[in-house]
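Each chain, written out:
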Amino acid sequence: MTEITGAFSQSVNLTGSYREHVRHKVYLFGVFFVMLLCLALYAVAAGAYDLTLKSIVQCFWGQVEGPANIIVWNIRMPRIVAAVAAGWCLGLSGAVMQCLLKNPLASPFTLGISQGAAFGAAFAIVVLGAGGAETGSVQISTVQTTSSAGPMTIRNIYSVTVCAFLGALAGTLAIVTLARLKKMAAEAIILAGVALSSLFVSGTILVQYFATEVEIASVVFWTFGDVGRSNWREIGIMTSSVLLLTIYFALKRWDLNAISAGEDIARSLGVDVDRSRLLGMLFVAVGAALVTAFLGVIAFVGLLAPHIGRRLIGGDHRFLIPHSCIIGSLLLLIADTVSRTLVGSGTLPVGVLTSFMGAPLFLYLLVKGQAR
Amino acid sequence: MILSVDAISFRYNSLPVLQDVTFQLPRGEILGVIGVNGAGKSTLLKCINKILRPKSGSVLVEGTDVLRLRGDAVARRIGYVPQRYSDDHVTVFDAVLLGRKPHIKWVATERDMRIVERLLVSMGLEDYALRPISTLSGGEAQKVIIARALAQEPKILLLDEPTSSLDLRNQLEVMNLVSNVVRTEGVSAVVAIHDLNLALRFADRFLILKDGAIHAMGPKEALSPEIIEEVYGVHSILRIVEGFPVIIPVHCCKSEAHEGGSK
């Protein structure tokens, strides 16, 4: 084979042009990375209290005390890092779910994982009495919960978070167990997700029926995804989980490519499809559950990021995974920065904006995809 | 013998699909697997490379029982071309490079690249290398899938009805390609195929399945009008036209021979 290889390599250089083709994808990731950095810098500077570049740099070097330092480290940086980590995680979850379930509609939102979290949160707020007036105070300013919330509120928020996480996990486990026991096809898993999500929505409505007005307000408020809700500790948990997930799926990138080529092809290439699907779904769902538990329901980012990524660089998961992640981060940071600086007085939760941005953008991608 | 299948049996739940299938295949030959729909052709192919796990029996490739090997070790010995494929969004080069997966540890090496390049050139796919598969015609796409299987550097190539969705020209091209690969690369191919005339032209020997068991087996002559009538319930005649054996179906027989197809 080597002699033939040599003879052909003189006449054509496909490998060279392929490497060039791959290099473009890497460059594009670099461009996205720089865009993310610039946007993050803008997001630190912009807001009700404008900061200069100089004062931001001084804050990063620890040379300033006072309001600028508090604004950067306690208010703006937490929400920027949370937006980047959450967007990254949602983009990753969407890309992996869409591959493993072979369905372009798969995402934490469409599979009922987010609704499971919302149900968990509603349960904690109403039945366990974790919300109510304390969580209601969040409505006045989302920022206060992360920076100067009292110990009572934090404890309540934790029980809401834990219940939300359990709700999301319950949804995931139900779907994964159904898929495992009944050896369900990927399409059936999506349908099960739809059924499960309406079950969770009904459960949330039922819980709300027995709730007081303040509790209902808290439940509804919790469902609006908001990246300004978490503190550094939660952001740390989220970021490190996201990092571990990214490493795991980076190691599995060839398996994901094989699975997206078809189950039989994947098996013939030595991939244990059932095991990969089970573990993969469980891991991304845990990631999505964490994000939803800490920040609330953020729709469409997980669905949209992989679609944009696929449109830009194709379906090769060696590149689709990192691109979906960074596009997710960019989308969420853009949405949060826009909602913070342009809309109203900076209290519009980002989840509302992602839904507004996401739905038309998704429809546009669908229509454009059909026309091709 | 490069491939030795011994007493393979397989059931879907309690329904027996394959019963005691035993055959051998020498190096550099094409085995045509013939039978009605549902006779167990695809199942046999999937049992050979462990996509499905047979309930009993063994599959030896050059003396090694592949059913006892790990998935990637099987994949380095047996390449598989399924009826359906679905990675429309990737480029032709990426699709063929995926065939190197069983050999790739972390990143694709220069050797992996060269093998993909050689396959694309030898199949006349070099102009499409960086195009998504979705933009290719059925025949070209089928060649890409065969190239991917060959990129595994297999000893055995399994093809599940490789010509069923192709036009006349592409049918000939794809089968010529398989035939050339088998002759020049020293691999052997097991081809499940419905088109009896293509099978007669390209296969060196036949395995005729009926109701999951071997009905007949042997060199080209095994596919006689009598056997066709027994298996398909169709009366046919065999003629030699310009040196090519041709089966001409005449009429359906009033027998129950076709019952196997109702599964």
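In what follows, the structure referred to is the one given above.
Residues numbered from 1 in each chain as written. Chains lettered and ligands numbered in written order. Predicted model: local features only at pLDDT ≥ 70, side-chain atom pairs only at ≥ 80, totals over all residues. Heavy atoms only, no water.

Let us look at the overall build of chain A. Scanning chain A from terminus to terminus reveals 17 helices and 0 strands. Here chain A holds 372 residues, and the buried ones make up 54% of them. Partitioning the contacts of chain A with sequence separation of at least 6, the portion at a separation of at least 24 is 78%. Entry remark: accessible area of chain A is about 16,000 Å², with carbon and sulfur atoms responsible for 70%. (Helix = DSSP H or I, 4+ residues; strand = E, 2+ residues; numbered from the N terminus. Buried < 20%, exposed > 50% of the residue type's maximum accessible area, 1.4 Å probe, protein only. Contact = heavy atoms within 4.5 Å. Areas by Shrake-Rupley, 256 points an atom, 1.4 Å probe, with all protein chains shown as cover.)

Here the focus is the interface of chain B and chain A. Across the boundary between the two partners, chain B contributes 41 residues, which contact 37 residues of chain A. Roughly 3,400 Å² is buried in total at the junction of chain B and chain A, and carbon and sulfur atoms are behind 67% of that figure. Contact with chain A buries area across many residues of chain B, yet K101, W106 and R118 of chain B alone supply 18% of it, more than any other trio. The interface formed by chain B and chain A holds 5 salt bridges in total. (Buried area = accessible area lost by both parts, 1.4 Å probe. Salt bridge = Lys/Arg side-chain N within 4 Å of Asp/Glu carboxyl O.)

Residues and elements named next belong to chain B. Pairing of strand β11 (residues 234-241) with strand β12 (residues 244-252), which is carried by 8 bridges, proceeds in the antiparallel orientation. Counted as the bridge partner of I240 is P245 from β12. In sequence, β11 turns back onto β12 through a hairpin of 2 residues, with E242 there showing a positive phi of about 50 degrees. (Pairing = 2+ DSSP bridges.)

The next thing to look at is helix α5 (residues 138-151) of chain B. For an α-helix, 3.6 residues make a turn, and residues three or four places apart therefore share a direction. Residue and element names in this part refer to chain B. Between its terminal C-alpha atoms α5 stretches 20 Å, which fits the 20 Å expected from 14 residues at 1.5 Å a residue. Of all 14 residues that make up α5, 13 are buried, and the element is covered over most of its length. One or two positions beyond α5, positive phi appears at E153, with a value near 50 degrees. (Expected span 1.5 Å × (residues − 1).)

Residue and element names in this part refer to chain A. It is at 9 Å that the axes of helix α2 (residues 14-45) and helix α4 (residues 67-100) come closest, and there the two elements cross at 150 degrees. Of the possible angle classes, the one that applies to α2 and α4 is roughly antiparallel. By crossing handedness, the relation of α2 to α4 is classed as right-handed. Contact residues: F29, L36, A40, A43, V44 and A45 in α2; V72, R76, M77, I80, V84 and W88 in α4. Grouping the constituent residues of the contact of α2 with α4 by class yields 11 nonpolar, no polar and 1 charged. (Axes fitted to C-alpha atoms, helices over the stretch in contact; angles between N-to-C directions. Parallel < 35°, antiparallel > 145°, perpendicular 65-115°, else oblique. Left-handed = near helix turned anticlockwise from the far one by under 90°. Nonpolar A, V, L, I, M, F, W, Y, C, P; charged D, E, K, R; others polar.)

To continue, consider the pattern of salt bridges. When their charged atoms lie close together, side chains carrying opposite charge are able to pair. Residues and elements named next belong to chain B. Across all of its chains, the model carries 27 salt bridges over all chains by this definition. Of the charged contacts, one joins R27 and E62 as a salt bridge, the two residues approaching to 2.8 Å between their closest N and O atoms. Remark: E62 occurs in the loop between β4 (56-61) and β5 (64-65) and R27 occurs in the loop between β2 (15-25) and β3 (30-34); sequence separation between them is 35 residues.

Structurally, the position occupied by A129 of chain B is in the loop between α4 (110-122) and α5. Residues A129 of chain B and M175 of chain B lie 46 residues apart in sequence; the distance between their C-alpha atoms is 22 Å. Sequence-distant contacts of A129 of chain B, that is, excluding residues within four places in its chain, are made with L14 of chain A together with T91, V92, F93 and L120 of chain B.

Quick look at the packing of helix α15 (residues 301-313) of chain A against helix α16 (residues 317-341) of chain A now. Residues and elements named next belong to chain A. Direction vectors running N to C along α15 and α16 enclose 125 degrees, while the axes themselves pass 8 Å from each other. Taken together, the axes of α15 and α16 lie oblique to each other. The way α15 lies across α16 gives a crossing that is right-handed. Facing V301, L304, A305, P306, I308, G309, R310, L312 and I313 of α15, the residues of α16 in contact are F319, L320, H323, S324, I327, G328, L331 and L332.

Turning our attention to unusual backbone geometry. Residues and elements named next belong to chain B. For D20, which is not a glycine, the phi torsion comes out positive at approximately 50 degrees. Structurally, D20 is set in strand β2. In this structure, K50 is a non-glycine residue whose phi angle is positive, near 70 degrees. Mapped onto the elements of the fold, K50 is located in the loop between α1 (41-48) and β4.

As a further point, take the sheet that holds β3 of chain B. Residues and elements named next belong to chain B. Reading across from one edge, β6-β7-β8-β3-β9-β10 is the order of the 6 strands in this open sheet, with mixed pairing throughout. The open sheet terminates on both sides in strands that have one partner only, identified here as β6 (78-81) and β10 (213-219). Each strand axis lies, on average, 15 degrees off the axis of its neighbour in the sheet, ignoring direction. When strand β7 (residues 156-160) meets strand β8 (residues 188-192), the two strands line up parallel, connected through 5 bridges. Looking across to β8, one finds that D160 is bridged to A192. Contacts between α1 and the sheet are confined to β3, β6, β7, β8 and β9 (205-210), with β7 contributing the most and set at about 150 degrees to the helix. Running at roughly 140 degrees to β3, helix α6 (residues 168-185) makes contact with β3, β7 and β8 of the sheet.

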